[in-house]
Amino acid sequence: MARSRRSLTNSRPKAPGRASRSHMGHLILRSLRERILNWHYPPGLHLGEEALCAEFAASRVPVREALRVLAEQGLVDKVPNQGCYVKQPDVDGIHQLYDLRLALELFVVERLAESGPPPELVAAVRAHWEPLLHIRADAPVDGDELVQADEDFHLGLARAVGNPHIVETLQDINERLRFVRLAVGTTPHRVQATAGEHLAVLEALVRKNSEAARRALRQNINEARNKVEIALARALTNAHKRAK
């Protein structure tokens, strides 16, 4: 992929205020990671150390540490004698993340189907999603709220298994795939469909029907996965507009 030589200065959102030295490295890392994952930066954008030092009023040490961690996380490419460039996922990379997510969540529902989900989880899921089965066709929809509720549903199942490593991995995957959900837009019909898919997973788990839970989960995840190409095109277009 050809790398852009656009300057960071023209594409960055407004910088946060000064922070204490002890938190500076974490603040820089968190800010840059959020911008990359939310596609405020297009792929190939150069993250210059001097520009970052000026923006965050920081020395080179915390800036370099933040860039080092981002490189380890696969979010930037470090090029010798040139610096760091934003690395956004391509279609294959996004589908690989979906492969990992699906594998982990299939394991989760298989485990939960053995003993059934906790009663408090069943009650909470039903309370949130059952009313949305009857959402009006002209009802206003908040896309951010739907994305958060969707993530909460899947993480709630994972937490019920009791394996914190699965939860942590799914949280990281959610951050990397969130732009897919946000980019394709949300309609009342999609809200209704998502509610039905989530409740289908839940009711299969209540019946301890592992195969039905797996089938419903695949359908739910594939609804977003089938829109990857559309989401990536929109994210790229919006990122390049911000960079101008």
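Residues numbered from 1 in each chain as written. Predicted model: local features only at pLDDT ≥ 70, side-chain atom pairs only at ≥ 80, totals over all residues. Heavy atoms only, no water.

## Focus: the overall build of the chain
Here is step 1: Counting its secondary structure elements, the chain contains 10 helices and three strands.
Here is step 2: Secondary structure elements of the chain occur, N-terminal to C-terminal, as α-β-α-α-β-β-α-α-α-α-α-α-α.
Here is step 3: Intrachain contacts of the chain at a sequence separation of at least 6 include 78% that bridge at least 24 residues. (Helix = DSSP H or I, 4+ residues; strand = E, 2+ residues; numbered from the N terminus. Contact = heavy atoms within 4.5 Å.)

## Side note on unusual backbone geometry
Here is step 1: A positive phi angle is found at W39, which is not glycine, with a value near 60°.
Here is step 2: With respect to the helices, strands and loops of the structure, W39 is situated in the loop between α1 (21-37) and β1 (46-47).
Here is step 3: Here W39 falls in the buried class, since its relative accessible area comes to 3%.
Here is step 4: In this structure, N81 is a non-glycine residue whose phi angle is positive, near 65°. (Buried < 20%, exposed > 50% of the residue type's maximum accessible area, 1.4 Å probe, protein only.)

## A word on helix α6 (residues 143-161)
Here is step 1: Between the first and last C-alpha of α6 there are 28 Å, a value that for 19 residues agrees with the 27 Å anticipated at 1.5 Å per step.
Here is step 2: Looking at the buried side of α6, the elements it contacts are α4 (91-115), α5 (119-129), α7 (164-183), α8 (188-206) and α9 (210-225).
Here is step 3: The N-capping residue of α6, defined by a side-chain oxygen 3.0 Å from the backbone nitrogen of D144, is D142.
Here is step 4: Backbone geometry just downstream of α6 places G162 in the positive-phi region, at approximately 90°. (Expected span 1.5 Å × (residues − 1). Polar contact = N/O pair within 3.5 Å; in protein donor to acceptor, adjacent residues only side chain to side chain.)

## Section: helix α2 (residues 49-56)
Here is step 1: Those residues of α2 that fall on the buried side of the exposure criterion are L52, C53, E55 and F56. For α2, the angular spread of buried residues about the axis comes to 165°, placing them on one side. Exposed and oriented more than 90 degrees from the buried face of α2 are E50 and A54.
Here is step 2: The positive-phi residue at the C-terminal boundary of α2 is A57, with phi of around 50°. (Arc of directions from axis to C-beta.)

## Comments concerning the pairing of strand β3 (residues 83-86)
Here is step 1: Relative to β3, β1 runs antiparallel, the two being bridged by two bridges. Looking at β3, one finds that L47 is bridged to C84.
Here is step 2: Of the strand pairs in this sheet, strand β2 (residues 76-79) and β3 are connected by four bridges, and their pairing is antiparallel. Across the sheet, the residue bridging to K78 is C84, located in β3. (Pairing = 2+ DSSP bridges.)

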